Amino acid sequence: MTMTAEKTASVSPSEMANAIRFLAADAVEKAKSGHPGMPMGMADVATVLFTRFLKYDASAPKWADRDRFILSAGHGSMLLYALGYLTGYPDLDIEQLKNFRQLGYRTAGHPEYGHVSLAETTTGPLGQGIANAVGFALAEKMLASHYGKEVVDHHTYVICGDGCLMEGVSQEAISLAGHHRLNKLIVLWDDNEICIDGATSLSVSDDQLARFRASGWKALRVDGHDQDAVAGAILEAQSADRPTLIACKTTIGYGAPSKAGSEKSHGAPLGADELAGARAKLGWPHPAFEVPAEILTAWRGAGARGAAARHAWEGRVAAMDAAKRSEFERRMEGRLPAGWQKPAADFKAKVIADRPNWASRKSSLEALEVLTAFIPELIGGSADLTHSNFTLTKSTKPVTPTDAGGSYLHYGVREHGMAAAMNGLALHGGMIPYGGTFLVFTDYARPAIRMASLMGVRAIYVMTHDSIGLGEDGPTHQPIEHLASLRAMPNLWVFRPADAVETMEAYELSLARQDGPSLLSFSRQNLPTVRNDASENLTAKGGYVLAEAEGERKVTLIATGSEVAIALKARDLLMAKGIGAAVVSMPCTELFDAQSKDYRKKTLGSGLRIAVEAASPYGWERYVGDEGIVIGLPGFGASGPFEKVYEHFGITAEKVAEAAIARL
Ligand SMILES: Cc1ncc(C[n+]2csc(CCOP(=O)(O)OP(=O)(O)O)c2C)c(N)n1
């Protein structure tokens, strides 16, 4: 359903836009920092969108079928905050605007998800918002295909700047959107030809319209200060059979007498004189933070005009088949289906009985087979490594441009675009995305993984080929510092499971958490089943004693993933020499760090501690202490059959036992 493109009566549209301009410029002035130029330049476009097109109800910010609005140019945050206040969002009163960028207020420097409801996603790192938007639009298309247009039918609008379009991730995003013919994705580009360094001509001469068209988009150009022209373009975009770029030619800092059209209005307060000059030029005599009643009333009317559409939608939801409705509501609220842990428990019991020798990527596939059969909101995918990551299950059928009924996305070789789209899928609601690539290529996805961690998004990264154990592909493909650097990222749970039991446990924890992403790291090489009991989710403790020493514990061998089997063998070798050694499996250091001091001390023991991980030793000193030993890889790996590579680098049971004996 589309809102009618009627104008709001009585107050002139340019006065409506001026209200945005001065709220933004005055807030930046008061904060003594921020970006006035972009909100002043895009005020007309935003006015058209929020008064004539956007389907929303400010009194019900989380209405599931609202249009999504994403301010990809997050530095222009005051545009969003001004719109939120003017339209009547309950979490954006005038005090919030007066305290822009101050501690303890929601009006953070860049829009943060969870702070203000109008921020559908956190933006600021340029390019992320437009790439998230592809996930939002995909989610809409997929959910509409499943539940019908009566209950899922909305647009995703983006405002982006030159910076967003210069970022590489934007190409991945527009290419994916064009391929999937996401015709309800509409991007309004603030084509002001200004960046921080000055004119965009300093660094870019792309024909953006041609670029978008080449990626399967419709591309239009309008004068971004001609509100009717903008409205005409949005109307045209709404009936397109593909996503649309609308290049809105604007003047940055519109109305500022000497700084308009210049980078001087981009990222600093205008200054008292310039601001006074803008007031005179635009005919806005009102004091800072004061919006005349008739203008505010007109804006509040715009914020309320979606209420009727929302009520109608609620009626349609109420009329849905009861079972379908409860599933739809459950998914949109992010609740897992009742009983989902039963098939997981059955799986673990079978593993304990069968003791398979699976590569952990294969354990991951088997776990995903079970989970995707039970949890339809799991949306799989891979960045063109489906048959290496083992992410496609029998229950996940690929989504195609003409059939969005599946639940698997072939993201193509676009790791960054994938991770950013996964954020959009998760934030839209109704979806729990998991996506795969090689662990080494998390570097290509890292900015979006960081945003997921910051926002607390439930995304699951399936990262296979997680060490020199991948063998012949060599050092370009062998992750070294990745685990350590990912473990350093706040709120990201990094799991490196040792077998199929730990794998399922890690998936259970990743699914159960609602407040952040999880990254699961899996081997290419086969690994034995190491667990004998699955009655308790031991991965939840992060690290635990997998095999206690026989007799007095002199040594504790701490290992993760594929090296747990090596540690177990080393324990046997030490035992044969009468040295009591325990093995601690440490699938998730973050969760281990959260355990009590007593538990951690008891688990790690008081004797010699040796950590074994086929990766950078960085970080393990925290667990082994000054007297301990870390067996890892100080530099890059090497190409060769994996057993030989392990031997070459001395990551073997014999070397671990030797190191222990030498130190004791
Ligand atoms: C990934 C990333 N790199 C750099 C920045 C710093 N930065 C913020 S705004 C900006 C310039 C953006 O120019 P444009 O999109 O044209 O915005 P406008 O000047 O029109 O406001 C830069 C480089 C950023 N926020 N994100």
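No experiment lies behind these values; they were computed from the predicted model shown.

1. Observations concerning the packing of helix H1 (residues 13-31) against helix H11 (residues 293-304)
Packing of H1 against H11 brings their axes to within 10 Å, and their N-to-C directions diverge by 95 degrees. Classified by the angle between their axes, H1 and H11 sit roughly perpendicular to one another. Residues Glu15, Met16, Ala19 and Ile20 of H1 form the contact with H11, whose own contacting residues are Ile295, Ala298 and Trp299. A class-by-class count of the residues in the contact of H1 with H11 yields 6 nonpolar, no polar and 1 charged.

2. Thoughts on the site of the ligand
Around the ligand sit 16 residues in total, of which His75, Gly163, Asn192, Ile194 and His266 are the nearest. Measuring from an oxygen atom of the ligand, one finds a backbone N or O atom of Gly163 at 2.7 Å. Ile194 is positioned with one of its backbone polar atoms (N or O) 2.7 Å from an oxygen atom of the ligand. Burial of the ligand by the protein amounts to 74% of the accessible area it has alone, namely 590 Å². Class assignment of the residues belonging to the shell around the ligand gives a composition of 7 nonpolar, 6 polar and 3 charged.

3. Remarks on the confidence of the model for the chain
Residues at a pLDDT of 70 or more form 99% of the chain, whose mean pLDDT is 97. Of the regions scoring below 50 in pLDDT, residues 1-5 engages in 17 contacts with residues more than four places distant in sequence or in other chains.

4. A short note on the sheet that holds strand E7 (residues 408-410)
Here we have 6 strands laid out as an open sheet, ordered E7-E6-E8-E9-E11-E10, and parallel in their pairing. Edge positions in the sheet fall to E7 and strand E10 (493-495), since each has one partner strand and no second. Mean inter-strand twist for the sheet, computed between neighbouring axes without regard to direction, equals 20 degrees. Bridge count for strand E8 (residues 432-438) against strand E9 (residues 460-464) is 5 bridges, and the pairing is parallel. What sits directly across from Tyr434, in E9, is Ile460.

Rules used throughout
- Residues numbered from 1 in each chain as written.
- Predicted model: local features only at pLDDT ≥ 70, side-chain atom pairs only at ≥ 80, totals over all residues.
- Heavy atoms only, no water.
- Axes fitted to C-alpha atoms, helices over the stretch in contact; angles between N-to-C directions.
- Helix = DSSP H or I, 4+ residues; strand = E, 2+ residues; numbered from the N terminus.
- Parallel < 35°, antiparallel > 145°, perpendicular 65-115°, else oblique.
- Contact = heavy atoms within 4.5 Å.
- Nonpolar A, V, L, I, M, F, W, Y, C, P; charged D, E, K, R; others polar.
- Near = heavy atom within 4 Å.
- Polar contact = N/O pair within 3.5 Å; in protein donor to acceptor, adjacent residues only side chain to side chain.
- Areas by Shrake-Rupley, 256 points an atom, 1.4 Å probe, with all protein chains shown as cover.
- pLDDT = per-residue confidence, 0-100.
- Pairing = 2+ DSSP bridges.

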